[in-house]
Amino acid sequence: MTITPEHDIRMANMTFASVYPHYVSKIERKGRTKDELHQIITWLTGYDEKKVQDQVAKCVTFQQFFEEAQLNEHAHLITGSICGYKIQEIQNPITKKVRYLDKIVDELAKGRQLDKIMRNGNT
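About the thresholds
- Residues numbered from 1 in each chain as written.
- Predicted model: local features only at pLDDT ≥ 70, side-chain atom pairs only at ≥ 80, totals over all residues.
- Heavy atoms only, no water.
- Phe/Tyr/Trp six-rings, centres within 6.5 Å; stacked < 30°, edge-to-face > 60°.
- Helix = DSSP H or I, 4+ residues; strand = E, 2+ residues; numbered from the N terminus.
- Buried < 20%, exposed > 50% of the residue type's maximum accessible area, 1.4 Å probe, protein only.
- Contact = heavy atoms within 4.5 Å.
- Polar contact = N/O pair within 3.5 Å; in protein donor to acceptor, adjacent residues only side chain to side chain.

1. Some details on the packing of aromatic side chains
Thinking step 1. For the structure on display, the rule yields 7 aromatic pairs.
Thinking step 2. Taking the centre distance of 5.6 Å and the plane angle of 45 degrees together, the rings of Phe16 and Tyr20 count as tilted. Residue Phe16 and its partner Tyr20 are both found in helix 2 (residues 16-29); the two are separated by 4 residues, about one turn of the helix. Across the pair, exposure class does not vary: Phe16 and Tyr20 are buried alike.
Thinking step 3. For the pair Tyr47 and Phe65, a centre-to-centre distance of 5.0 Å together with 80 degrees between the ring planes defines the contact as edge-to-face. Note that Tyr47 is positioned in the loop between helix 3 (34-45) and helix 4 (49-57) and Phe65 in helix 5 (residues 62-68), a separation of 18 residues in sequence.
Thinking step 4. In this structure Tyr47 comes out as buried when scored by relative accessible area, which is 3%.
Thinking step 5. Feature note: the residues Phe16, Tyr20, Tyr47, Phe62, Phe65 and Phe66 constitute an aromatic cluster, connected by ring pairs.

What follows is the structure in C-alpha cells.
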C-alpha cells in the first residue's frame, strides 16, 4: 500500500490516549497482561509506566509521544507488515514509529515471547 502525506498527518495527529485502550483490550483478550504491554512500550520508547500513564492523561499526539521518547537502538529490527504496510518501506519517521508500536503490540497479542518482541540485536 502507498502511504500518502495525508495519512502521515493523520498518524502524527492521532492521540496516544485514543489508541492505548485498544492496545490494552487487544492484548488482554489474548491472555496477555497490561504489565507485558508496558514492558514492550518501555523497551521501544524508554518510558516507564508512570510516563506512559502521563502521556495518556495529557492526550498527547503520536508526534508528541515519539518526540519525547528515546527510541530503542534496535527498533529498526522491527520488520514485516502491519495494517497492510511494510514497516521497512515507510519513509515518514513518525508513521514508522507508530507502526513499530502497532507491530510489537500485535506480536504480543499473537503470543510471541517478550524476549523475541524486544529485539536485542541478535535476532
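2. Some details on the environment of Gln63
Thinking step 1. Note that Gln63 resides in helix 5.
Thinking step 2. By relative accessible area, which is 29% here, Gln63 ends up partly exposed.
Thinking step 3. On a C-alpha basis, the gap between Gln63 and Met11 in space is 8.1 Å, while along the polypeptide they are 52 residues apart.
Thinking step 4. The residues contacting Gln63, other than those within four sequence positions of it, are Ala12 and Ile94.
Thinking step 5. Polar side-chain contacts of Gln63 include one of 2.7 Å to the side chain of Glu67.

All quantities given are derived from atomic positions and should not be read as evidence of function.
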